[in-house]
Amino acid sequence: MKLNHRFPWLWALILAFMVTQSYPQTPTITDPKFIEDCVNIHNEMRSKIRLAAGNMRYMTWDPALAKTARAWVKKCVFQHNIHIGHKYQCHPVFKTVGENMWMGTYTKHVPRNATTEWFSEVDHYELGFRKCYRRYCGHFTQVAWAASYKIGCALKMCPNLGKHIAMFVCNYSPAGNIVGEAPYTKAYYCALCEEGDTCENNLCRNPLRDKVESYPYWNPRWEVPRRMTCNPFCQMCVSVRLVLLALAIPGILLLQKKYPNMHLMT
């Protein structure tokens, strides 16, 4: 008790240290290494399609998709995002997005481990019949969806789900897993790339398609708490209001000096 009264700050430091030790820090959606790991393992898996995919696109990072993944994963509820199917709720440009989820023990290799696990469902997919058999394989078909070329992921520790348990969510655009469609077209690697594409490691690349957009002023409207941002138009409105307020004060003082008997009515 004496230590508690005399050194309260010491208890705060000890508690902070214990929390830090118990729950390791996960990378943010802007961490370069995390981004590289997520993108690289997806492209690695996509380039190894067993029955060569002739139209498989190269994937690049999308910050807006990552914001959507972050907004959902922080809930620490292992179920799919209920906003995924609603137009423009998960991305400012793409109408809908795809999603894969993983839950397990946290390590620094979560992006690789999770994506490899998703891709292993290839053993349960029949391209000829365009469906899964014996077991679910929707994670694989989204990873291998040729038309998807943007990805954004997020990772979070979820102590409510278990000790050292983390959730990992990846969102994709354009969305895959369209009913009745095959994830890719069987053909020699890159044989069906679009005009203007180049072939790199069995994947179709295009500088315009692969360009990374930032979307600095966009956040999911359903995120709780909602992240507030101010775009250039918003900033201009705030600036104009501040200028008008600054001009109003001396204006009122001048009017009161010129008309000392004037009273402001409210």
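Given the structure is predicted, the values throughout are model-derived calculations rather than measurements.

Engineer: Where do I start with the state of the cysteines in this structure?
Structural biologist: Think of a disulfide as a covalent bridge from one cysteine sulfur atom to another cysteine sulfur atom. Scanning the entire structure with this criterion turns up five disulfides. Residue Cys190 pairs covalently with Cys199 via a disulfide, S to S 2.1 Å. Taking the torsion about the sulfur-sulfur bond, which here is approximately 70°, the covalent link between Cys190 and Cys199 counts as right-handed. Between the sulfur atoms of Cys193 and its disulfide mate Cys204 the distance is 1.9 Å. The chirality of the disulfide connecting Cys193 with Cys204 is left-handed, given an S-S dihedral of about -85°. Note that Cys193 is positioned in the loop between β6 (165-173) and β7 (198-200) and Cys204 in strand β8 (residues 203-205), a separation of 11 residues in sequence. No disulfide involves Cys38; its nearest neighbouring cysteine sulfur is the one of Cys153, lying 4.0 Å away.

Engineer: Even after reading the chapter, I still don't get the nonpolar core, so can you show me in this structure?
Structural biologist: If you look at soluble globular proteins, the nonpolar side chains tend to sit buried side by side. Formed by 53 residues in total, the largest nonpolar core has its most connected members in Phe168 and Tyr184. Counting residues per element, the ones that place at least two in this core are α3 (32-46), α4 (63-73), β2 (98-105), α5 (110-119), α6 (138-143), β5 (150-157) and β6.

Engineer: Explain the packing of aromatic side chains here, please?
Structural biologist: According to the stated counting rule, one finds eight aromatic pairs in the structure shown. On the numbers, 6.1 Å between centres and 75° between planes, the contact of Phe94 with Tyr149 is edge-to-face. Separated by 55 residues along the polypeptide, Phe94 in the loop between α4 and β2 and Tyr149 in the loop between α6 and β5 bring together distant segments of the chain. Relative accessible area serves as the criterion here: at 15%, Tyr149 is assigned to the buried category. The structure contains a cluster of three or more aromatic residues connected by ring pairs, namely Phe34, Trp61, Trp118 and Phe168. A cation sits over an aromatic face here: Arg205 above Tyr58, 3.7 Å from the ring centre. The positively charged end of Arg209 is found above the aromatic ring belonging to Tyr149, 6.0 Å away from the centroid.

Calculation rules
Residues numbered from 1 in each chain as written. Predicted model: local features only at pLDDT ≥ 70, side-chain atom pairs only at ≥ 80, totals over all residues. Heavy atoms only, no water. Disulfide = S-S within 2.5 Å. Helix = DSSP H or I, 4+ residues; strand = E, 2+ residues; numbered from the N terminus. Core = buried A, V, L, I, M, F, W, Y, C linked by side-chain atoms within 4.5 Å. Buried < 20%, exposed > 50% of the residue type's maximum accessible area, 1.4 Å probe, protein only. Phe/Tyr/Trp six-rings, centres within 6.5 Å; stacked < 30°, edge-to-face > 60°. Lys NZ or Arg CZ within 6 Å of the ring centre and 35° of its normal.

Purely geometric numbers; function is a separate question.
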